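Chain and residue survey
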Amino acid sequence: GGVNVIKNFESVIVYNPDTLGGARFEKKESIDILVGEPVISLDIFLPEKVLSGDNFEIGLKYKNLAESEVSDLELKVYYPKEFYYKDATPRPSSESNTWDLGNLLRGSEGEIKVRGRVAGQTNSFFPFEVEISSNILGERYVVSSETVNLSIAASPIEMAIILNSENNLSFV
């Protein structure tokens, strides 16, 4: 793993035809490939903390860093189950978490803004995972992914009800 590392890929093809009396043909090839930055950059902008139940915005910025066009791109957000989707600009292509980005020319970029809210306990964390994939030879492959966490902040107002000198109830 890592960025800007040389990886060696090796393939072996073996052909063993029945008609040649057990003859075996084998071809080996090896290639070194420099594994670098993702072809699509992805940045997620999210408040570090929010109050439980308050609306907030997630900013998703992407850019083609490749030397050529990247085709058939799709961006997908995996929301935590506690997230309540409100809306997005532009609107998702399907459901509330998938955008068809189409083809992205070299140097082109885009932005998606998602609005919603999270309900949870103070100081709990909620992961938001974003993936950009491309269709290569009929299969979808992830070309960029990021995960960020959102935390629930403590409420600035607390109310306590005292009954008969006992603090029985507390509201936040």
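Further up the page is the structure itself.
All residue numbers refer to positions counted from 1 along the written sequence of the respective chain. It should be noted that, the model being predicted, local features are given only for residues of pLDDT at least 70 and side-chain atom pairs only at 80 or more, the latter also being counted only at that level, while totals for whole chains, interfaces and linings use all residues. Side-chain measures were taken over the full set of non-hydrogen atoms in the model, leaving aside hydrogen atoms and water.

A short note on the overall build of the chain
Runs of E in the DSSP output that reach at least two residues are strands. Runs of H or I that reach at least four are helices, and both are numbered from the N terminus. Tallying secondary structure elements over the chain gives zero helices and 13 strands in all. Listing the helices and strands of the chain from first to last along the sequence gives β-β-β-β-β-β-β-β-β-β-β-β-β. Working rule for contacts: check all heavy atoms of both residues, and any pair within 4.5 Å makes them a contact. Long-range pairs, those at least 24 residues apart, make up 64% of the contacts in the chain with a sequence separation of at least 6. Accessibility throughout is a Shrake-Rupley quantity obtained with a 1.4 Å probe, and a residue counts as covered only by protein chains that appear here. Total accessible area on the chain is roughly 11,800 Å²; 49% of this is exposed by carbon and sulfur atoms.

Some words on the nonpolar core
Ranked by size, the top nonpolar core spans 30 residues in total, and within it Leu75 and Phe128 carry the most contacts. Contributions of two or more residues to this core are made by strand S3 (40–45), strand S5 (55–64), strand S6 (70–78), strand S7 (83–89), strand S8 (98–104), strand S9 (109–118), strand S10 (125–136) and strand S11 (139–152). In this structure, leucine 75 is in contact with Leu42, Leu60, Tyr62, Asn97, Thr98, Trp99, Leu101, Ile112, Val130, Glu131 and Ile132, ignoring residues within four places of it in sequence. Think of a nonpolar core as a cluster: buried Ala, Val, Leu, Ile, Met, Phe, Trp, Tyr and Cys residues, connected wherever their side-chain atoms sit within 4.5 Å. Here's how the labels work: a residue is buried when its accessible area is under 20% of the maximum for its type, exposed when over 50%, partly exposed in between, all with a 1.4 Å probe on protein chains only.

Some details on the packing of aromatic side chains
We call Phe, Tyr and Trp rings a pair once their centres come within 6.5 Å, taking the six-membered ring for Trp, and we label the pair stacked below 30 degrees between planes, edge-to-face above 60, and tilted otherwise. By the definition in use, this model includes six aromatic pairs. A ring pair is formed by tyrosine 79 and phenylalanine 128, whose centres lie 6.4 Å apart and whose planes are at 75 degrees; its orientation type is edge-to-face. You can see tyrosine 79 sitting in the loop between S6 and S7 and its partner phenylalanine 128 sitting in strand S10, a full 49 residues away along the chain. A residue is classified by how much of its surface remains accessible, and tyrosine 79, at 19% relative accessible area, is buried. Centre to centre, the rings of phenylalanine 83 and phenylalanine 128 are 5.4 Å apart; their planes meet at 85 degrees, and the pair counts as edge-to-face. Taken as a pair, phenylalanine 83 in strand S7 and phenylalanine 128 in strand S10 lie far apart in primary sequence, 45 residues in all. Using a relative accessible area of 8% as the deciding quantity, one classes phenylalanine 83 as buried. Owing to a relative accessible area of 1%, phenylalanine 128 belongs among the buried residues under this scheme. By the ring-pair criterion, three or more aromatic residues cluster together here, those being Phe56, Tyr79, Phe83, Tyr85 and Phe128.

As for the sheet that holds S7
At least two bridges found by DSSP between two strands is the condition for calling them paired. Strands sit in the order S3-S5-S9-S7 across an open sheet of four strands; the sheet is antiparallel. If you trace the sheet from one side to the other, it starts and ends with S3 and S7, each paired once. Strand after strand, the sheet turns through a mean of 25 degrees between neighbouring axes, direction not considered. As defined by bridge partners, S5 adjoins S9 across nine bridges and the pair is classed as antiparallel. Within the sheet, the bridge partner assigned to tyrosine 62 lies in S9 and is glycine 110. Axis angles are defined between N-to-C directions and span 0 to 180 degrees, where every axis is a line fitted to C-alpha atoms and, for a helix, only to the segment in contact.

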